[in-house]
Amino acid sequence: MSVRRFVAASSREAMRQVREILGEDALILSSRPVAEGVEILALAEEEQQAVQAAAAVPAAPARPAAPADYRQVATAAQTGRPAAPLPTAVDLDFAALGQRLLGEMQDMRALLDRRMQAPAASGGCRGPLRQRLLGAGFGPCLSDEILAGLPGELATGSAAAPALQAWLERQLEARLPVLEDEAGLLDEGGVIALVGPTGVGKTTTAAKLAARYVMRHGPGQVALISTDSFRIGAHEQLRIYARLLDVEVHTLAAVAPLEPLLAGLAGKRLIIIDTVGMSQRDRRLLTQINQLGAAGRPVRLMLLLNAACHGDTLEEVVGTYQRAALAAGTRLRDCIVSKCDEAARLGPVLDILMRHGLRLNYLSSGQQVPEDLQVAEARPLLQQALAVSQPSPFVSDGEAEGTGRRLDSWARGLFGRGRSLAAAFETLRRELDGFALLERAWRLAALPAGVQGERLARLLEACDGESVDAGAPRQLLWGGGKPVPGATWNMPLLSLDPEGRLQLRPWLAHRLPSGHEQRLDWAFERLRARRHLLPAAPESGLLQALARLRSPWIGAARPGNRVEFQGERHSLARLAAVAEAHDSLQLRHRGRPLWLELRHLPVRLRAAGERAGEAMPWPVEAWFGTLRDGDSGQPLGQRHWLAWSPEPGRRALAEQADGVRLLLACDDLPALTLRAWQALGEVQGALQTELRLFLAAALAAGASRLDRSAEDWAMDLRARLAGLGGGRRLRGPAQQLDALLHLLAAGDAFRQLGGEFEP
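Being a predicted model, the structure only gives us computed values, none of them experimental. (Residues numbered from 1 in each chain as written. Predicted model: local features only at pLDDT ≥ 70, side-chain atom pairs only at ≥ 80, totals over all residues. Heavy atoms only, no water.)

Colleague: When you look at the overall build of the protein in this model, what are you seeing that I'm missing?
Modeller: On a plain count of helices and strands, the protein comes out with 27 helices and 21 strands. Counting across all 759 residues of the protein, residues that qualify as buried make up 49%. Only carbon and sulfur atoms are counted for the fraction: they give 52% of the accessible area of the protein, which is about 36500 Å². (Helix = DSSP H or I, 4+ residues; strand = E, 2+ residues; numbered from the N terminus. Buried < 20%, exposed > 50% of the residue type's maximum accessible area, 1.4 Å probe, protein only. Areas by Shrake-Rupley, 256 points an atom, 1.4 Å probe, with all protein chains shown as cover.)

This is the structure in structure tokens:
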């Protein structure tokens, strides 16, 4: 007998597999939920016939099987041992056959479970992650959108469960806007209108909000307004809360204008309006929202959602209220989730908030004022939501059928891409110093070329004036004195923060002061230069200027560069054998992981242009690096550098080694900038030269930073950008550059379409 096991994400998909392999007449033996989705055990038609034939063996009437015969069959079924044949004159007993079949099925199930666990552990984690999201109540659309950005580092079964859990929480947290500063919301004051369906808890929430304000600022500057004249006792309920809080309360008919009452309350800092509960299908809803929009003062709409409601209902509520707000000339951006203590799952309401871009301000979980209203915190809330992850008997993630649903799925996918774009932009603004400036410069490309240079100069002047920070000295990465190979322009000056992270603010070489001393003085005064990373060992004038400012420097060198060691001149290549071992560092270089084995040796440098006897050679440190493949350890080449620090010592050596690592990691920036320069000519069309070079250098710096970073945000963002670009997940700065260009161009497209995406 051959029992087949089928596992799929849904019952529909599992049954489709059964029909394809075993035919329409297959016998379904069992069906149950498993971690991967749904498991079905089925028997082919020919196997059924074989069992039926065995059960229908004709025989003459004979004595029933003895109890000992039944025990023999049952024991064999439980242990898996072959049973002794029954007497030939005895009919086949169906009870014993059933026991035997059940035992075989149980043994087979256990065997299949053991065999399937290993592939599940090593074959990837998307299925279990998807089931966890679905079990927590998140919808298939959002779940698939999230898992499309699963980093390659985590996609295999070797990823540890805590790393997957942390990644999943980060993805959800990035999509869930929450109130970051309650003090800012309450201190800002204004008019807040609580809107939502009937019975969602608006009146109690209005009292809770007022109580939180009273605890912070006292009762004198807050007022409550009730427009709920339909529900019996609604006005009186709010009056009771107002007396307890000692705050002013007013009642208003649902159809009465708000403007006169708000004008009389102009001295109040915060006004909270408890509106009439309106079903999302109530035709009066638009009238109510229009009334709030015509109040004479800006009104912040705050939608209350019942966490215990079904997801389809919540979807309809949010969509209807947002459309009504747009029709009234306002926007619905804020939300409070109520009845959290009554919800079996929090996933559905959180899914709705993420997909519609609503900011979650508070969570309400009871009737106590104000104890049962808490400021929403994303990470604990999401951990609570994911902790409840089990299949729901009311939800199926089967494929939608029909043209209408396919179109709806396509539209949701489009909005999903918009949300992914918005999340990617938000991450880049937060993590890459200067990305917001890059965005603003990118938008200048839409202007006529004749005004782009002037607007860029004004933009940079304003930005530099805003970002002066004397407490954050920078490391400067200088370009060479010659044009980049294949280009007519010199590499712009770039900066790194004290931790060695590239910043996306280039300084064009022809805009810098002329002369070594003037440039260094400018860099010291304007940029708080702490260390200089040079493309080559400095010449005499630059050496003297650096020494005068006591500025450490590291410069790339060639094997043939000659230095003095023990009174004799040698090439750096010859001195490598006598250098002292320092350390082995891991880094990414031109898109691949490498090991850098460092050695160093104190030598003396006579700068170009200096003659023997004119001045003593400069005491510097020579550095020798062996590059090895990060995986195989095979040697890939030798590199050399020279470095100087005003105060030699162990600390200076450690800083120099770090500078060597940064120089090596950034040595592909000129080629990467050239690639961006060429791509911008294709993407943006007519660009003024300075704007084009600024964008190219900033994009190259961003791509290099994104490729080299081992932080969680970078891993997540690389996967997200790969998903937006079609799923190609090759790692390297060139690929990250292409992804950033794709992202910025996609942002332009969404902006021009006038969608909800706002970069």
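Colleague: Just to check I follow, could you spell out the side chain of Asp351 for this structure?
Modeller: Residue placement: Asp351 occurs in helix α15 (residues 347-356). Residue Asp351 is classed as buried on the basis of its relative accessible area, which comes to 4%. Residue contacts for Asp351: discarding those within four places in its chain leaves Phe138, Gly139 and Leu142. (Contact = heavy atoms within 4.5 Å.)

Colleague: Where do I start with the packing of aromatic side chains in this structure?
Modeller: Any two aromatic rings considered together are summarised by their centre-to-centre distance and by the angle between their planes. Taken as a whole and judged by the stated rule, the model has three aromatic pairs. For the pair Phe425 and Phe435, a centre-to-centre distance of 6.1 Å together with 55° between the ring planes defines the contact as tilted. Placement of Phe425 in helix α17 (residues 403-431) and of Phe435 in helix α18 (residues 435-443) is noted, with a sequence separation of 10 residues between them. Judged by its relative accessible area of 1%, Phe425 falls in the buried class. Considering the side-chain rings of Trp489 and Trp677, the 5.5 Å spacing of their centres and the 50° angle between planes classify their relative orientation as tilted. Here Trp489, found in the loop between β12 (474-477) and β13 (494-496), pairs with Trp677, found in helix α24 (residues 669-683); they are 188 residues apart in sequence, far enough to count as distant. Arg528 extends its terminal NZ or CZ atom over the ring of Phe524, reaching a point 5.8 Å from the ring centre. The ring of Trp677 carries the charged tip of Arg692 above its face, separated from the ring centre by 4.2 Å. (Phe/Tyr/Trp six-rings, centres within 6.5 Å; stacked < 30°, edge-to-face > 60°. Lys NZ or Arg CZ within 6 Å of the ring centre and 35° of its normal.)

Colleague: What is the right way to look at helix α21 (residues 540-548) in this model?
Modeller: Along α21, the residues that are buried comprise Ser540, Leu542, Leu543, Ala545 and Leu546. Structurally, α21 contributes buried residues whose contacts are with α20 (516-526), β14 (529-534), β15 (553-557), β19 (592-605), β20 (618-629) and β21 (635-644). Looking one or two places after α21, you find Arg550, whose phi comes out positive at around 50°.

Colleague: Explain the environment of Val38 here, please?
Modeller: With respect to the secondary-structure elements, Val38 resides in strand β3 (residues 37-43). Those residues within four positions of Val38 in sequence are excluded, and the remaining contacts are Phe6, Val7, Ala8, Ser10, Ser11, Ala14, Ser31, Arg32 and Pro33.

Colleague: Got a minute to help me understand the pattern of salt bridges in this structure?
Modeller: Proximity of charged atoms lets side chains of opposite charge pair with each other. Inspection of every chain in the model, using the stated rule, returns 35 salt bridges. A salt bridge links Arg175 to Glu145; its shortest N-O distance comes to 3.2 Å. Note that Arg175 is positioned in helix α8 (residues 161-175) and Glu145 in helix α6 (residues 140-147), a separation of 30 residues in sequence. In this structure Glu145 comes out as buried when scored by relative accessible area, which is 12%. The residue Glu315 makes a salt bridge to Arg355 at a minimum N-O spacing of 2.6 Å. Of this pair, Glu315 sits in helix α14 (residues 311-327) while Arg355 is found in helix α15, placing the two residues 40 residues apart along the sequence. Linked through salt bridges whose partners overlap, the residues forming this network are Glu188, Arg300, Asp334 and Arg359. (Salt bridge = Lys/Arg side-chain N within 4 Å of Asp/Glu carboxyl O.)

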